[in-house]
Amino acid sequence: MKISMINYKSLWALLFILASWITFTVFQNSAKIWSALNLPIFLHHWNNSIKSLFLKAPLIPLKPLTETELRIKEIIEKLDQQIPPRPFTHMNTITSATHSTATILNPRDTYCRGDQLDILLEMRDHLGHRKQYGGDFLRARMSSPALMAGASGKVTDFNNGTYLVSFTLFWEGQVSLSLLLIHPSEGVSALWSARNQGYDRVIFIGQFVNGTSQVHSECGLILNTNAELCQYLDNRDQEAFYCVRPQHMPCAALTHMHSENKKVSYLSKQEKSLFERSNVGVEIMEKFNTISVSKCNKETVAKKEKCKVGMTSTIPSGHVWRNTWNPVSCSLATVKMKECLRGKLIYLMGDSTIRQWMEYFKASINTLKSVDLHESGKLQHQLAVDLDRNINIQWQKHCYPLVGSMTYSVKEMEYLTRAIDRTGGEKNTVIVVSLGQHFRPFPIDVFIRRALNVHKAIKRLLLRSPDTMVIIKTENIREMYNDAERFSDFHGYIQYLIIKDIFQDLNVSIIDAWDITIAYGTNDVHPPQHVVGNQINILLNYIC
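Reading the values: rules and limits
Residues numbered from 1 in each chain as written. Predicted model: local features only at pLDDT ≥ 70, side-chain atom pairs only at ≥ 80, totals over all residues. Heavy atoms only, no water. Helix = DSSP H or I, 4+ residues; strand = E, 2+ residues; numbered from the N terminus. Buried < 20%, exposed > 50% of the residue type's maximum accessible area, 1.4 Å probe, protein only. Areas by Shrake-Rupley, 256 points an atom, 1.4 Å probe, with all protein chains shown as cover. Salt bridge = Lys/Arg side-chain N within 4 Å of Asp/Glu carboxyl O. Expected span 1.5 Å × (residues − 1). Polar contact = N/O pair within 3.5 Å; in protein donor to acceptor, adjacent residues only side chain to side chain. Contact = heavy atoms within 4.5 Å. Core = buried A, V, L, I, M, F, W, Y, C linked by side-chain atoms within 4.5 Å. Pairing = 2+ DSSP bridges. Axes fitted to C-alpha atoms, helices over the stretch in contact; angles between N-to-C directions. Parallel < 35°, antiparallel > 145°, perpendicular 65-115°, else oblique. Left-handed = near helix turned anticlockwise from the far one by under 90°. Nonpolar A, V, L, I, M, F, W, Y, C, P; charged D, E, K, R; others polar. Disulfide = S-S within 2.5 Å.

An unreviewed UniProt entry lists the protein under the name Neurexophilin and PC-esterase domain family member 4, with Cercocebus atys given as the organism.

Quick look at the structure:
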């Protein structure tokens, strides 16, 4: 049968409409598909923008995953295996600190300094039934308050409801033991699931300025909106941030930012009950007596070599004695700060916990003079110099996400990878990087991508300047009862493990602030000055 030209055109028009409808239907539902497949962050961005583009341009096939995206996927899959879903049907079936039992293995009346004390922990639910799986988030610590001494304990999970808790008895005297159930395994499972479901627990408010006009607009790592967006993209590292574009304002008019907690939760009402104050950080070993530790006339402990870059970390990594940090694998000396830093260029990069280091340096070296860089806000770039000794110390904040209710300038913000890339580096240059706290409210892929990108930047730096000293400071533990869904130390612990895993192949040193702050028992995102000073003393020993 012969088709007329008019019918032929009509047929093609009909086919085009049908194809467009199918395409639109697929992309309407694609957000759920991407979420279910747990695909990398760039696909979420692509999905949000494609809806407005598919009628304007032909579809482009998805590119193969990059090396970074494959590594992100691999790390997340490994974490998913370590944190499997746990059923939560009733409060009676969750892990109970009160009903769980702790038994000292091979108990003695008196222990010797240097001995290991092992405790078998059997977890039970609120009905007294033995738990059949692990995954509880526990924190073990030993302390002697009168001696200003403390250390973390090592927890081994047998994944069957039993745990081995090991303490190294570092000092003589009366020692108290503590084992806290921070979150039951059911709470851990709920936090992990909730964390990776959404980017909107914290939103950002951007300030755009055009002449005398100021406009505020919503910003974020992901924005689920059909409005026109400003995209602030590091194309090489695929790090992106977005703002809803204000009318009659260019995207470059963004000058300042602050964040706000949004009334969004991915926990069920029942799950939220797991994070009420009475259910967080509950002591398991309340009935334990203090442990007596004696010298026992043991042979003198062999002298340890001085701490230096590249040494292997242990668990625990050290202990506190008389308020002073003592590493397990090496020895720290008291260093004269001014002379140690003579001729040194110190870059401190990251969050406010590393800004504490900057403040400590300025308070401790009276010849350091702050340079006014004419920036605004508490998060402004800081520079302090001692011209006579040629000491130069700088601090700069990391780029988005930067959570804080105080308004900060974004004009001088840059990703740390770019700051590292423009650092020449040499034997008198020291770079200290600290990431973590501001990433806790967001899906874990954001943190993994940032850590991998920083790793690549440091690798490039050490190739062109192997004498540059690079230090990674892990994050501190923080307040225990503060908004678990956003800021629980469980999120920080996962990031701590990721950092140790990603940077293990580079010639860098990790200052284990996580273990140090557990040993001190600070529970403060910004620990006291004496704790900060002990963290810095490790750095000074590496340098000098």
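Further notes follow.
Asks: Just to check I follow, could you spell out the overall build of the protein for this structure?
Replies: Helices and strands together make up the secondary structure of the protein, namely 14 helices and 25 strands. The buried share among the 544 residues of the protein stands at 51%. Accessible surface for the protein amounts to roughly 26400 Å². Of this, 54% is attributable to carbon and sulfur atoms.

Asks: In this structure, what is going on with the pattern of salt bridges? I would like to understand it.
Replies: Where side chains of opposite charge bring their charged atoms close, a pairing between them can arise. All told, the structure shown has 27 salt bridges when counted by the stated rule. Salt-bridge contacts for Glu74 lead to Arg71; the nearest nitrogen and oxygen are separated by 3.4 Å. On the criterion of helical spacing, the pair formed by Glu74 and Arg71 is a turn pair, its members being three residues apart in helix 4 (residues 67-82). For Glu74, a relative accessible area of 41% corresponds to the partly exposed category. By relative accessible area, which is 23% here, Arg71 ends up partly exposed. Of the charged contacts, one joins Arg113 and Glu172 as a salt bridge, the two residues approaching to 3.3 Å between their closest N and O atoms. A residue pair is termed long-range when its members are at least 10 positions apart, and Arg113 in the loop between strand 2 (111-112) and strand 3 (116-125) and Glu172 in the loop between strand 7 (162-168) and strand 8 (173-183) qualify at 59 residues. Owing to a relative accessible area of 33%, Glu172 belongs among the partly exposed residues under this scheme.

Asks: Is there a simple way to think about helix 8 (residues 352-364) in this case?
Replies: Given 3.6 residues per turn, any residue in an α-helix points the same way as the ones three and four places further on. The first and last C-alpha atoms of helix 8 sit 18 Å apart over 13 residues, in line with the 18 Å expected at 1.5 Å per residue. The set of residues buried in helix 8 consists of Ser352, Thr353, Ile354, Arg355, Gln356, Trp357, Met358, Tyr360 and Phe361.

Asks: Any chance you could explain the side chain of Glu485 here in plain terms?
Replies: Inspection of the secondary structure puts Glu485 in helix 11 (residues 484-487). Polar contacts involving the side chain of Glu485 include one to the main-chain amide nitrogen of Tyr266, which spans 2.8 Å. Each residue touching Glu485, except ones within four places of it in the same chain, is listed here: Leu191, Ala194, Arg201, Ser265, Tyr266, Leu267 and His491.

Asks: Help me understand the nonpolar core in this model?
Replies: Looking at soluble globular proteins, one finds that nonpolar side chains tend to be buried together. Met257, Leu341, Leu348, Phe361 and Ile458 are the most contacted members of the largest nonpolar core, which has 112 residues in total. In terms of residue count, the dominant contributor to this core is helix 10 (residues 444-464) (eleven residues). With 27 residues, the next largest nonpolar core counts Leu117, Leu147, Ala151 and Phe167 among its residues.

Asks: Please explain the sheet that holds strand 22 (residues 408-409) as it appears in this structure.
Replies: Neighbouring strands of a sheet are bound in pairs by backbone hydrogen bonds; such pairs are parallel or else antiparallel. If you walk across this open sheet you meet the six strands as 11-12-10-9-13-22, and the pairing is antiparallel. The sheet terminates laterally at strand 11 (229-234) and strand 22, the two strands that pair on one side only. Across two bridges, strand 10 (residues 213-220) lies against strand 12 (residues 239-244) in antiparallel orientation. Bridge pairing in strand 12 links Cys219 to Cys243.

Asks: Teacher, can you tell me more about the sheet that holds strand 1 (residues 95-104) here?
Replies: A sheet is described by the order of its strands in space; here four strands give the open sequence 1-3-7-6, paired in antiparallel fashion. Across the chains shown, the open sheet's two edge strands, defined by having one partner strand only, are strand 1 and strand 6 (154-157). Taking each pair of neighbouring strands and ignoring which way they run, the sheet shows an average axis angle of 25°. Taken together, the six bridges between strand 1 and strand 3 define a ladder with antiparallel strand orientation. Its bridge partner lying in strand 3, Ile104 is registered against Ile119.

Asks: It is not clear to me how the packing of helix 4 against helix 10 should be interpreted in this structure. Could you clarify?
Replies: The relative placement of two packed helices comes down to the angle between their axes together with the axis-to-axis distance. Following both chains from N to C, one finds helix 4 and helix 10 inclined at 130°, their axes separated by 10 Å at the closest point. With respect to their mutual orientation, helix 4 and helix 10 come out oblique. Seen along the crossing, helix 4 lies across helix 10 with a hand that is right-handed. On helix 10, the residues that touch Thr68, Glu69, Arg71, Ile72, Ile75, Ile76 and Leu79 of helix 4 are Ile444, Asp445, Ile448, Arg449, Leu452, Asn453 and Lys456. Taken together, the residues of the contact of helix 4 with helix 10 sort by class into seven nonpolar, two polar and five charged.

Asks: Would you mind showing me how to read the state of the cysteines here?
Replies: Here is the idea: a disulfide is a covalent bond, and it sits between the sulfur atoms of two cysteines. Counted under the stated rule, the structure contains five disulfides. Bridging Cys112 to Cys296, the disulfide has an S-S length of 2.0 Å. Since a negative S-S torsion denotes a left-handed disulfide, the Cys112-Cys296 link at about -90° is left-handed. Taken together, the residues span a long stretch of sequence, with Cys112 in strand 2 and Cys296 in the loop between strand 15 (291-294) and strand 16 (318-321) at a distance of 184 residues. Classification of Cys296 as partly exposed rests on a relative accessible area of 34%. Sequence-ordered numbering of the bonded cysteines in the protein gives a pairing of 1-6, 2-4, 3-5, 7-8, 9-10.

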